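Commentary on secondary and tertiary structure
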Amino acid sequence: QVQLVESGGGLVQAGGSLRLSCAASGLTFSSYAMGWFRQAPGKEREFVASISRGSAYTTYADSVKGRFTISRDNAKNTVYLQMNSLKPEDTALYYCAAAAGGHYAPTKSQLYDYWGQGTQVTVSS
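Please read these numbers as outputs of a predicted model, since none were measured by experiment. (Residues numbered from 1 in each chain as written. Predicted model: local features only at pLDDT ≥ 70, side-chain atom pairs only at ≥ 80, totals over all residues. Heavy atoms only, no water.)

Notes on the pairing of strand 8 (residues 78–83)
Selection criterion: Exposure classes here rest on a 1.4 Å probe applied to the protein chains alone. A residue is buried below 20% of its type maximum, exposed above 50%, and partly exposed in between. Note on conventions: DSSP H or I runs of at least 4 residues are helices, E runs of at least 2 residues are strands, and numbering of each starts at the N terminus. Should DSSP find at least two bridges between two strands, the strands are taken to pair.
Here strand 8 lies mainly inside the structure; five of its six residues are buried. Of the strand pairs in this sheet, strand 3 (residues 18–25) and strand 8 are connected by six bridges, and their pairing is antiparallel. Bridge assignment links serine 21 to a residue of strand 8, and that residue is tyrosine 80. Pairing of strand 7 (residues 68–73) with strand 8, which is carried by six bridges, proceeds in the antiparallel orientation. Bridge assignment links threonine 69 to a residue of strand 8, and that residue is glutamine 82.

Printed below as a string of structure tokens:
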């Protein structure tokens, strides 16, 4: 079965950095676009970043543009989210997701087929 396992979350001070990883199994990773979403307590899940299957296209939420970078290694079946200049408002549970087709970098959660369990990111002020 398909599994997406996130790691790399933790507690960091404002201005710090974290690198999230998402290891995929049970699917042809190179055929899927990958995305990161997040959900803060009491808020709806929101799009963070996405990357097409061959890394030709990336898309970012305005709130993270210039601070976060999404990348992937198809040989390792892994997608990454490098998060720099973190702010307290970045505190959330971060999920990775996989979208079949993969030619572009979708932003809508409805387009994603598989989801991980999430990794917590907490940014202290």
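Focus on the sheet that holds strand 1 (residues 3–7)
Basically, it comes down to this: Here, axes are lines fitted to C-alpha atoms. For helices the fit covers the stretch in contact, and angles between N-to-C directions go from 0 to 180 degrees.
Across the sheet, four strands lie side by side as 1-3-8-7; this open sheet has antiparallel pairing. Bordering the open sheet on either side are strand 1 and strand 7, each of which pairs with just one other strand. Averaged over neighbouring strand pairs, the angle between their axes works out to 15° when direction is ignored.

Re the pattern of salt bridges
Quick note on the threshold: The term salt bridge refers to a side-chain nitrogen of Lys or Arg lying within 4 Å of a carboxyl oxygen of Asp or Glu.
Summed over the entire model, instances satisfying the criterion amount to four salt bridges. The salt bridge partner of arginine 67 is aspartate 90, with a shortest N-O separation of 2.7 Å. Highlighted residues: arginine 67 in the loop between strand 6 (58–60) and strand 7 and aspartate 90 in the loop between strand 8 and strand 9 (92–100), separated in sequence by 23 residues. Comparing arginine 67 with aspartate 90 shows no difference in burial state: the two are buried. Counted as one network, the salt bridges with shared partners bring together Arg38, Glu46, Arg67 and Asp90.

What about the state of the cysteines?
Quick reminder of the rule: The disulfide definition used here is simple: a pair of cysteine sulfur atoms within 2.5 Å.
Under the criterion given, the structure shown has one disulfide. Two residues, cysteine 22 and cysteine 96, share a disulfide whose sulfurs are 1.9 Å apart. Taking the sign of the torsion about the S-S bond as the criterion, the disulfide between cysteine 22 and cysteine 96, at about 40°, is right-handed. Pair noted here: cysteine 22 is in strand 3 and cysteine 96 is in strand 9, with a separation of 74 residues, a long-range link. By relative accessible area, cysteine 96 is classed as buried at 0%.

A short note on the environment of tyrosine 80
This is how the line gets drawn: Between two residues, a contact is recorded if the distance between any of their heavy atoms is within 4.5 Å.
If you trace the backbone, tyrosine 80 turns up in strand 8. Assessed through its relative accessible area of 12%, tyrosine 80 is described here as buried. Taking the C-alpha atoms as reference, tyrosine 80 lies 8.0 Å from threonine 69; in sequence the two are 11 residues apart. Not counting residues within four places of it along the chain, the set of residues in contact with tyrosine 80 comprises Arg19, Leu20, Ser21, Trp36, Thr69, Ile70, Ser71, Arg72 and Asp73.

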